Amino acid sequence: MPHLNANGVELHYETDGEGYPLVFVHGGFGGVSTSVLPGGSPIEGAVPDGYCVVTHDRRCAGTSEYTLDWFTLADIAEDTHQLMVALGFENYVLVGSSMGGMVAQQLVLTRPGAIAALALMNTGPDLMSHTRWGQAYTATAARVRETGDDLEFERVRDRIRNPPEPDADAAKARHAEYLTALAARSDDELKLMHSGTVRNYGAFVGYNFSGRLSEIDAPTLIVHGTADTTVPFEDGQTLERGIRGSEFHAIEGAQHGILGYPAAKAALQGWLSRLSLSR
């Protein structure tokens with residue numbers, strides 16, 4: 001598994017295909033669920049030929065480096081940019097999903113000259129302050145800053161060690177594999193991973209791009225499910241209204257995890273195929 005130091009952090013990355021560079025920024029907050037048993041990338045099968053696709057684990061996620069220093073969304077965005085530069089890509093297409101969409105918005109605003117085109121998948125401009133889960137995670141980050149990681153891990157240790165079994169039969173085999181991998185991890189390892197999750201919570205607090213969307217002038221695709229209860233459909237509509245000339249695809253009946261829906265993959269594939277890009 002290739003790793004590379006970008007912005008002072010060791011990041012795991014993979015590349016696939018040849019052509020114009022494209023980087024995918026995954027969602028979530030990293031931590032135990034992503035590092036104990038890493039999974040595949042949701043963008044797999046959603047990019048047409050003619051692109052060199054770079055996927056990576058964000059800091060404190062997957063097999064990338066965990067750090068107990070507190071960091072910001074701007075730091076996460078710069079990680080991605082520095083990774084691409086280290087790989088020899090000064091300009092690239094940027095695709096962000098869910099919380100990765102927040103990273104993508106930060107990056108396009110910080111490094112506008114590097115972003116040839118932008119795709120925002122089931123995301124919004126402010127995911128921490130107006131969602132119940134965002135408010136809860138904001139409170140957790142504040143609590144840990146005050147009381148420390150040891151006390152927080154003791155509070156959640158049993159929940160981490162005993163995750164609920166999924167209802168879907170298709171997910172039960174992986175769940176059993178996950179439990180086996182989880183049992184092999186020490187409490188110290190799990191505490192570090194959970195602390196990384198909390199650092200990610202804290203990184204997103206206070207960021208709201210609603211007032212800056214008009215600054216984004218890269219060709220932009222927005223894809224959102226109408227039944228999304230994690231990131232409300234209205235967030236996608238807010239992005240569409242704020243980013244001039246953006247192309248919006250509403251996926252009827254789709255919930256969160258939009259790249260799991262064939263219609264969303266097709267929308268991204270079609271848009272990427274129509275882009276006129278030259279290196």
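Residues numbered from 1 in each chain as written. Predicted model: local features only at pLDDT ≥ 70, side-chain atom pairs only at ≥ 80, totals over all residues. Heavy atoms only, no water.

Caption draft 1: Molecular detail of the environment of Met99. By the element assignment, Met99 lies in helix 3 (residues 99-110). Overall, the relative accessible area of 1% leaves Met99 in the buried class. In the structure, Met99 is positioned 25 residues away from Gly124 in sequence and 8.4 Å away in space, judged by C-alpha atoms. Aside from chain neighbours lying at most four places away, what touches Met99 is His26, Gly27, Gly28, Phe29, Arg58, Leu127, Met128, Trp133 and Phe204. (Helix = DSSP H or I, 4+ residues; strand = E, 2+ residues; numbered from the N terminus. Buried < 20%, exposed > 50% of the residue type's maximum accessible area, 1.4 Å probe, protein only. Contact = heavy atoms within 4.5 Å.)

Caption draft 2: Region of interest: the pairing of strand 1 (residues 3-6). Alternating residues of strand 1 divide into Leu4 and Ala6, all buried, and His3 and Asn5, none buried. As paired elements, strand 1 and strand 2 (residues 9-16) share 4 bridges and run antiparallel to each other. Directly across from His3, in strand 2, lies its bridge partner His12. Counting the residues between successive antiparallel strands, the hairpin from strand 1 to strand 2 contains 2 residues, one of them, Asn7, with a positive phi of roughly 60°. (Pairing = 2+ DSSP bridges.)

Caption draft 3: Seen up close, the pattern of salt bridges. Counted according to the given criterion, the structure contains 12 salt bridges. In this structure, the salt-bridge partner of Arg157 is Asp158, at a minimum N-O distance of 3.4 Å. Judged by its relative accessible area of 52%, Asp158 is exposed. Between Arg212 and Glu215 there is a salt bridge, and its shortest N-O distance comes to 2.9 Å. One continuous salt-bridge network, built from bridges that share partners, spans Arg157, Asp158, Arg161 and Asp187. (Salt bridge = Lys/Arg side-chain N within 4 Å of Asp/Glu carboxyl O.)

Caption draft 4: Main features of the side chain of Asp228. Secondary-structure assignment places Asp228 in the loop between strand 7 (220-225) and helix 8 (233-242). At 2.9 Å, the side chain of Asp228 forms a polar contact with the backbone nitrogen of Val231. Side chain to side chain, Asp228 and His256 meet in a polar contact 2.8 Å long. Those residues in contact with Asp228, other than ones at most four positions away along the chain, are Asn122, Phe233, Ala254, Gln255 and His256. (Polar contact = N/O pair within 3.5 Å; in protein donor to acceptor, adjacent residues only side chain to side chain.)

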